[in-house]
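Descriptive structure summary
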Amino acid sequence: MFNVATLEELDAAGKLHWPKKSGGMPRLKQYPGDLPGVPLQDVWSDIRPMHNLAAERLGYPTQKPEALLERIIKASSNEGDVVLDPFCGCGTAIAAAQRLNRRWMGIDITHLAIGLIKKRLDDAFGVSVRETYEVFGEPVDLAGAEALAKEDPYQFQWWALSLVGARPLEKKKGADQGIDGRLYFHDEGRGGNTKQIIFSVKAGHVQAAYVRDLRGVIEREKADIGVLISMEPPTKPMIKEAAEAGLYYPPGLADSYPRIQILSIAELLAGKKIDYPRFALDATFKKAPKTRKPAEEQIPLSEADTDEPF
């Protein structure tokens, strides 16, 4: 509480806000320079850089710390505002905006990034988060997949791999080792060996030779399962070749899984999954941490927000 003399002094200095409606309480105007501490500078050294062992690191080359994006978003927006990231990469700004109750829009040119962002949001907020956003420009039916395959086979490849949660192979365009993606899993507990599934994606006409080639690749790579993702449904010779590859048996169990599997885009869009141990621990991508409290308190942005009542 302030005495009358102090109130008159504050009013003369323009430090009081008088409400327009009669009967309201006057409020004290506070500015950053009046508050204790040092105002935030334009060089921030208190946020740790993203290092190789950071819990939130996903393996994306340009990933930024979430604490950095949280600070930027809090310093420039309020809850309910829209945050736009036109080059969203692995989605750090999107994840931070979601956590801070902002609406958001993210744009990226690659389906690799879009698939990673969707998984990041699932891991951090649960699969129910999918009901809160919509993806534009991603195939949702066979016609859209065919159009993407014709427009850009590499983008089609990344999109197809995202349907099964596989990691695309990092390679230069034109370099083909018979491997388009990998999926890693553990089916012997956390201390067991890491197993892998090799993926080959075919956007055009398919033939039995592709299955034979994939079988040779998984033998060369000592992989446990090979999956051929095709735009077209498999032919009878392809199905026969796949069956001849035999079965994969998880250690210590009587269960078995086809060593070569063929999945069409139509089947994947209909919800069909890879047939491998469902109890297995997926080790393909590092999981984003579960949702947590924001790293810092919200900084008031407007004069009305900073006013203190008497």
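What counts and how
Along each chain, residue indices are assigned from 1 in the same order as the chain's sequence is written. Whole-chain, interface and lining totals are the exception, using all residues; otherwise, since this is a predicted model, local features are given only for residues with pLDDT of at least 70 and side-chain atom pairs are given and counted only at 80 or more. Excluded from the side-chain calculations are hydrogens and water; all other atoms, namely the structure's heavy atoms, are used. Every helix listed is a DSSP run of H or I at least four residues long, and every strand listed is a run of E at least two residues long, numbered separately from the N terminus. Think of it in three bands: residues with accessible area under 20% of the maximum for their type are buried, residues over 50% are exposed, and the middle band is partly exposed, with areas taken using a 1.4 Å probe on protein chains only. Only heavy atoms enter the contact rule, under which two residues are in contact if any of them lie within 4.5 Å. Note on areas: Shrake-Rupley with a 1.4 Å probe; residue coverage comes only from the protein chains shown. Every axis in this analysis is a line fitted to C-alpha atoms, fitted for helices over the stretch in contact. Angles between the N-to-C directions lie between 0 and 180 degrees. When an angle is under 35 degrees it counts as roughly parallel; over 145 it counts as roughly antiparallel; between 65 and 115 it counts as roughly perpendicular; any other value is oblique. Handedness of a helix crossing follows the sense of rotation of the near helix relative to the far helix, less than a right angle counterclockwise being left-handed and clockwise being right-handed. Side-chain classes are defined by residue name, with Ala, Val, Leu, Ile, Met, Phe, Trp, Tyr, Cys and Pro counting as nonpolar, Asp, Glu, Lys and Arg as charged, and the others, Gly among them, as polar. Only strands that DSSP links by at least two bridges are regarded as paired with each other. Seen with the strands pointing away from the viewer, any crossover whose path from the first strand over the helix to the second strand runs clockwise is right-handed. The pairing test for Phe, Tyr and Trp rings, Trp by its six-membered ring, is centres within 6.5 Å, and the orientation test on the planes gives stacked under 30 degrees, edge-to-face over 60, and tilted for anything in between. Geometrically, a charge over a ring is one whose NZ (Lys) or CZ (Arg) sits within 6 Å of the ring centre while staying within 35 degrees of the ring normal. In this text, buried Ala, Val, Leu, Ile, Met, Phe, Trp, Tyr and Cys residues form a nonpolar core when linked through side-chain atoms within 4.5 Å. Disulfide assignment relies on a single distance test, namely cysteine sulfur atoms paired within 2.5 Å. pLDDT measures how confident the predictor is about each residue, on a scale from 0 to 100. Whenever Lys or Arg places a side-chain nitrogen within 4 Å of a carboxyl oxygen from Asp or Glu, that contact is recorded as a salt bridge.

**Description of the overall build of the chain**
- Counting secondary structure elements, the chain contains ten helices and 13 strands.
- For the chain, with 310 residues in total, the buried portion stands at 39%.
- Taking all contacts inside the chain whose residues are at least 6 apart in sequence as the whole, residues at least 24 apart take part in 60%.
- Summed over its atoms, the accessible surface of the chain is roughly 18,400 Å², and 55% of this surface lies on carbon and sulfur atoms.

**Some details on the packing of helix H2 (residues 66-76) against helix H3 (residues 92-99)**
- Packing of H2 against H3 leaves a shortest axis separation of 9 Å and a crossing angle of 60°. For the element pair H2 / H3, the angle class is oblique. Along this stretch, H2 crosses H3, giving a crossing that reads as right-handed. Seen from H2, the contacting residues are Glu66, Leu69, Glu70 and Ile73; seen from H3, they are Thr92, Ala93, Ala95, Ala96, Ala97 and Arg99.
- A class-by-class count of the residues in the contact of H2 with H3 yields six nonpolar, one polar and three charged.

**Notes on the packing of helix H4 (residues 111-125) against helix H6 (residues 153-162)**
- Remark: H4 packs on H6, axes separated minimally by 8 Å, with the N-to-C direction vectors making an angle of 15°. One way to sum up the angle between H4 and H6 is to call them roughly parallel. Note that H4 runs across H6; the crossing there is right-handed. Residue-level contacts link His111, Leu112 and Gly115 of H4 to Gln155, Trp158, Trp159 and Ser162 of H6.
- When its residues are assigned to classes, the contact of H4 with H6 shows three nonpolar, four polar and no charged.

**Observations regarding the pairing of strand E4 (residues 103-106)**
- As paired strands, strand E3 (residues 82-85) and E4 are joined by four bridges and run parallel to one another. Residue Val83 lies in a different strand from E4, and its bridge partner there is Trp104.
- With H3 bridging E3 and the parallel E4, this β-α-β connection has right-handed handedness.

**Some points on the packing of aromatic side chains**
- According to the stated counting rule, one finds four aromatic pairs in the structure shown.
- Aromatic pair Phe156 and Trp159: ring centres 6.0 Å apart, planes at 45°, arrangement tilted. Residue Phe156 and its partner Trp159 are located together in helix H6, separated by three residues, close to a single helical turn. For the pair shown, Phe156 and Trp159 are each scored as buried.
- Grouping aromatic residues by their ring pairs yields a cluster made of Phe185, Tyr248 and Tyr276.
- Sitting over the face of the ring of Trp44, Arg71 holds its NZ or CZ atom 5.0 Å from the ring centroid.
- Directly above the ring of Tyr210 sits Lys202, whose terminal nitrogen or CZ lies 4.5 Å from the centroid.

**So, the nonpolar core**
- Counting residues in each nonpolar core, the largest one holds 25 residues, and the members touching the most others are Phe156, Ile197, Phe199, Val227, Ile229, Ile265 and Ile274.
- Secondary-structure elements contributing two or more residues to this core are helix H5 (142-151), H6, strand E6 (181-186), strand E7 (195-202), strand E8 (225-230) and helix H9 (265-269).
- Counting residues per element, this core draws most heavily on H6, which supplies four residues.
- Among all residues touching Ile197, those that are not within four sequence positions of it are Gly181, Arg182, Leu183, Phe185, Ile225, Val227, Ile274 and Tyr276.
- In terms of nonpolar packing, the next biggest core, distinct from the first, is built from 16 residues, Leu169, Ile198, Ile218 and Ile260 among them.

**With respect to the pairing of E7**
- For E7, the buried fraction is high: seven of the eight residues fall into the buried class.
- Bridge count for E7 against E8 is six bridges, and the pairing is parallel. Each bridged residue has a counterpart across the sheet, and for Val201 the counterpart in E8 is Ile229.
- Read as a crossover between parallel neighbours, the route from E7 over helix H7 (residues 208-221) to E8 is right-handed.

**What to know about the state of the cysteines**
- Scanning the entire structure with this criterion turns up zero disulfides.
- Sulfur of Cys88: no disulfide; nearest cysteine sulfur belongs to Cys90 and is 8.9 Å away.
- Under the relative-accessibility criterion, Cys90 is labelled buried at 3%.

**Brief notes about the confidence of the model for the chain**
- Averaged over all residues, the pLDDT of the chain equals 85, while 86% of them reach at least 70.
- Per-element mean pLDDT across the chain ranges from 45 in strand E13 (residues 308-309) up to 97 in strand E11 (residues 260-264).
- Taken as a whole, residues 303-310 scores under 50 in pLDDT and shows 24 contacts with residues more than four places along the chain or in a different chain.

**Side note on H2**
- Glu66, Leu69, Glu70, Arg71, Ile73 and Lys74 are the residues of H2 that are buried.
- Looking at the buried residues of H2, the elements they touch are E3, H3 and H4.

**So, the pattern of salt bridges**
- Using the criterion set out here, one finds 14 salt bridges in the structure.
- Residues joined by salt bridges that share partners form a network here, namely Glu66, Glu70, Arg99 and Arg120.

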